[in-house]
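# Chains, contacts and geometry: an overview
One letter stands for each residue in the lines below.
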Amino acid sequence: MRQAFAPLLCALVGLASCVGMIGDSGDERAAAAAFAPAEPTLHRLTRPQIQNAWLDLFGKPLTMPADLPVDDVLYGFSSISAARSTIAPVDAEKYENATYALLDQIFADPARRDALVGCPVTAVGEPCVKDFVASFTTRAWRRPVSEEEVTSLHVLSAKVATDLEDEAQGLKFALAAVLLSPHFLFRVEVGEPGDEGYRYTGWEMASRLSFLLLDAPPDDTLREAARRGELATAEGVQAQASRLLDDPRARVTLTRFFRDFMNIGKLDALDKQPDKFPQLSATLGPSMRIEMERMFENNVFEKEGDFRDMFTTRDTYVNEDLARVYGIEGITGPEWTPVTLPDDGRRAGILTTPGFLALNAHKTQTSPTHRGRFVRLNMFCQDIPPPPPGINTTLPEAEPGKPTTLRQRLDEHRTNPECAGCHEQMDPIGFAFEKYDAIGVYRETDENGLTVDSTTVVDGHPVAGPIDMAELAASLPEVGACIARRFYEHAGAHLAGKGDKNSVEELVADFVASDYRFKDLVLGLVTNDGYRYASKPSQEVKP
């Protein structure tokens, strides 16, 4: 039955589509401009976002469909991937199946259906039902809907009700059309001319704020602020962002940014060789991820402290999984216990957590190259090119009967001039963490019984070991600047280009001035011109 109305649904979606100008305005012109923010784009809702949007429309209880399109990661962030994503036919089928599975839950219970509508659904032409369709569509599409759009939905619901001789089915198909529209599945941003430049509309800004901070559609207060035009000013945006930061959902959403930033979502599929690591368990990887996320939450929401403390703090959270890795006795079970690690020079901060160390290591042994590469790319925001084509990246084997440390073998590797340029950037940083094995257990000797040397020199700075490296990272201005830049890129869903230079520099300055408080970084971001303004697009698009 559903397929019979597919052409009509498609026609409705096409009629309801908005018209914008999205495309390439010319790299040369953008580079020459002092301020050339990114062009508006379409952002496909991520899985958490679409689930929260469904909950916002239907309320609980609601059984979420499990088979939804996967959220990919691009340039480190799912937000950037979402801004580059279209919907493949197979994913369209998943959205369709999910939509009808949700509507079936509502329409299988007439009392719940009528409560949602606000009156008994005796005829789709009743004023109450028609008003409901208009208000439902406004909430779903997160903007006012036009008379033409509402009329199209009424035409659809009347046709289905007549053909099926079922008024409720007519309404159900109309709601399906709303939920399968690109205006629901995507965050549509087109922008508009403003007094001080081309900017996002108030309704677009409401969605930008709400999905950035809550992974959810705008609430009544935010919609009212958009309707009143209050989101056209930095002050209005800041007031709403401050309010949203106090919402408990902001903790979950910003922690999701940190998960992408540290790439620790991969810990859920931690793959190490069990016979090499007796501490390994099926839940160790997720435990590693949760420990790091709790450290982030503690810094940002409990302490509201200097973000750089994340590199030096000895305060963390441990359950039985991690207690075995840390060598802490007396902690059993999956519950989390806050602990302060000993001041013995062995561990401090996120770079000495088992999660960071295990994620950036091989299956059976450490990898100074991987650990150093992560720090260069993600903490220093520096580029490391891939190996040249045809280069053998395999480390030389130790001579029989002459065991050598991994560091010694890497030193030999770095004598190759084709490898040295990049490995000189990565390996010295990783050497500082050689006193942790491939799952982060502290050690003085390696798997061959050879003494581990964690002294190194990083960019001219002598480093005595992991604690020195953590303190160096916390002290480097480029690390704080990199965090601000990466949050800018996550929030705007694009890599910062030349046209973003001034905006990024202003955001970094705001972050420094706030003593590196992450919540202030958020407020600095949402009031930043690079977030509030857009470049006028030059290509027309109809989502």
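Residues numbered from 1 in each chain as written. Predicted model: local features only at pLDDT ≥ 70, side-chain atom pairs only at ≥ 80, totals over all residues. Heavy atoms only, no water.

## Side note on the overall build of the protein chain
When you go through the protein chain residue by residue, the secondary structure sums to 25 helices and ten strands. Taken against the 2.2 N^0.38 rule, which gives 24 Å for 543 residues, the C-alpha radius of gyration of the protein chain at 27 Å falls within 12% of a compact globule. Along the first, second and third principal axes, the C-alpha atoms of the protein chain reach 85 × 55 × 50 Å. The buried share of the protein chain, taken over its 543 residues, is 53%. Of the contacts formed within the protein chain by residues at least 6 apart in sequence, a portion of 69% connects residues at least 24 apart. Total accessible area computed for the protein chain in this model is approximately 23800 Å², and 51% of it derives from carbon and sulfur atoms. Both charge centroids of the protein chain, one from 56 positive and one from 81 negative side chains, sit 1 Å from each other. (Helix = DSSP H or I, 4+ residues; strand = E, 2+ residues; numbered from the N terminus. Rg over C-alpha atoms; globule rule 2.2 N^0.38 Å. Buried < 20%, exposed > 50% of the residue type's maximum accessible area, 1.4 Å probe, protein only. Contact = heavy atoms within 4.5 Å. Areas by Shrake-Rupley, 256 points an atom, 1.4 Å probe, with all protein chains shown as cover. Lys, Arg positive; Asp, Glu negative; His and termini not counted. Charge placed at Lys NZ, Arg CZ, Asp CG, Glu CD.)

## Structural notes on the UniProt feature "domain: DUF1587" (unreviewed entry) in the protein chain
With numbering aligned to this structure, UniProt lists the feature "domain: DUF1587" (unreviewed entry) at residues 44–107. Taken end to end, residues 44–107 comprises 58% helix and 2% strand; its first and last C-alpha atoms sit 27 Å apart. (UniProt positions renumbered as here; feature names shortened; annotations may be inferred.)

## What to know about the pattern of salt bridges
Side chains that carry opposite charge are capable of pairing whenever their charged atoms lie near each other. Under the defined criterion, the tally for this structure stands at 40 salt bridges. Residue Arg187 is joined to Glu189 by a salt bridge in which the shortest nitrogen-to-oxygen separation is 2.8 Å. For Asp459, the salt bridge identified is with Arg376, shortest N-O distance 2.6 Å. Separated by 83 residues along the polypeptide, Asp459 in the loop between strand 8 (456–458) and strand 9 (461–463) and Arg376 in helix 18 (residues 368–379) bring together distant segments of the chain. The structure contains a network of salt bridges with shared partners spanning Asp56, Arg139, Asp220 and Arg223. (Salt bridge = Lys/Arg side-chain N within 4 Å of Asp/Glu carboxyl O.)

## Remarks on the confidence of the model for the protein chain
For residues with low pLDDT, the predicted coordinates do not support detailed interpretation. Residues of the protein chain with pLDDT of at least 70 account for 93%, and the chain-wide mean is 91. A low-confidence stretch, residues 1–26 stays under pLDDT 50, and its non-local contacts, those more than four residues away or across chains, total 70 contacts. The low-confidence segment residues 28–32, where pLDDT is below 50, has three contacts with residues more than four positions distant or belonging to other chains. (pLDDT = per-residue confidence, 0-100.)

## A closer look at the state of the cysteines
Each disulfide is one covalent bond, formed between the sulfur atoms of two cysteines. Using the criterion set out here, one finds two disulfides in the structure. The side chain of Cys119 participates in a disulfide bridge whose partner is Cys128; the two sulfur atoms lie 2.2 Å from each other. Around the S-S axis, the bridge from Cys119 to Cys128 shows a dihedral of about -110° and counts as left-handed. Judged by relative accessible area, Cys119 falls into the buried class, the value being 15%. One disulfide in the model links Cys381 with Cys482; its S-S distance is 2.1 Å. What sets the handedness of the Cys381 and Cys482 disulfide is the S-S torsion sign, and at about 80° it is right-handed. Here Cys381, found in the loop between helix 18 and helix 19 (406–413), pairs with Cys482, found in helix 22 (residues 477–492); they are 101 residues apart in sequence, far enough to count as distant. (Disulfide = S-S within 2.5 Å.)

## Considering the environment of Thr221
With respect to the helices and strands, Thr221 occurs in helix 12 (residues 220–227). It is 8.6 Å that separates the C-alpha atoms of Thr221 and Gln240, two residues lying 19 residues apart in sequence. Other than its neighbours up to four places away in sequence, Thr221 contacts Gln240 and Arg243.

## Quick word on unusual backbone geometry
Negative phi is the rule for most residues except glycine; trans is the rule for most peptide bonds. Lys60 connects to Pro61 through a cis peptide bond whose omega is 0°. Turning to its location among the elements, Pro61 is positioned in the loop between helix 3 (47–58) and helix 4 (78–83). For Cys381, which is not glycine, the phi torsion reads 55° and is therefore positive. With a phi angle near 60°, Tyr516 is a residue other than glycine that sits in the positive phi range. On the secondary structure map, Tyr516 appears in the loop between helix 23 (501–513) and helix 24 (518–526). Assessed through its relative accessible area of 10%, Tyr516 is described here as buried.

## Thoughts on the UniProt feature "domain: DUF1585" (unreviewed entry) in the protein chain
In the numbering used here, UniProt assigns the feature "domain: DUF1585" (unreviewed entry) to residues 459–529. Annotated as 69% helix and 4% strand, the span residues 459–529 places its first and last C-alpha atoms 34 Å apart.

## Overview of the packing of helix 11 (residues 202–214) against helix 12
Put simply, helix 11 and helix 12 touch, their axes get as near as 8 Å, and they point 150° apart. Comparing their axes, helix 12 and helix 11 come out roughly antiparallel. Judged by the sense of rotation from one axis to the other, the crossing of helix 11 with helix 12 is right-handed. In this structure, helix 11 uses Gly202, Trp203, Ala206, Leu209 and Ser210 to contact helix 12, whose residues at the interface are Leu222, Arg223, Ala226 and Arg227. (Axes fitted to C-alpha atoms, helices over the stretch in contact; angles between N-to-C directions. Parallel < 35°, antiparallel > 145°, perpendicular 65-115°, else oblique. Left-handed = near helix turned anticlockwise from the far one by under 90°.)

## A word on helix 14 (residues 248–262)
Every α-helix winds through 3.6 residues per turn, so residues three or four apart in the chain are directed the same way. The end-to-end C-alpha distance of helix 14 is 22 Å, a good match for the 21 Å that 15 residues give at a rise of 1.5 Å each. Among the residues of helix 14, those classed as buried are Ala250, Thr253, Leu254, Thr255, Phe257, Phe258, Asp260, Phe261 and Met262. Capping of helix 14 at its N-terminal end is provided by Asp247; its side-chain oxygen lies 2.8 Å from the backbone amide nitrogen of Arg249. (Expected span 1.5 Å × (residues − 1). Polar contact = N/O pair within 3.5 Å; in protein donor to acceptor, adjacent residues only side chain to side chain.)

## Examining the packing of aromatic side chains
Enumeration according to the criterion identifies 16 aromatic pairs in this entry. Judged by centre distance (5.1 Å) and plane angle (75°), the rings of Phe511 and Tyr516 are edge-to-face. Of the two residues examined, Phe511 and Tyr516, each falls in the buried class. Taken together, the ring pairs in this structure connect Phe77, Phe257, Phe258, Phe261, Phe296, Phe307, Phe487 and Phe518 into an aromatic cluster. The side chain of Arg208 reaches across the aromatic face of Tyr200, ending 3.9 Å from its centre. If you follow Arg208 out to its NZ or CZ, it ends over the ring of Tyr531, 4.2 Å from the centre. (Phe/Tyr/Trp six-rings, centres within 6.5 Å; stacked < 30°, edge-to-face > 60°. Lys NZ or Arg CZ within 6 Å of the ring centre and 35° of its normal.)

## Observations concerning the side chain of His490
As for its position among the elements, His490 is in helix 22. Setting aside residues no more than four positions away along its own chain, His490 makes contact with Phe77, Ser79, Leu212 and Phe257.

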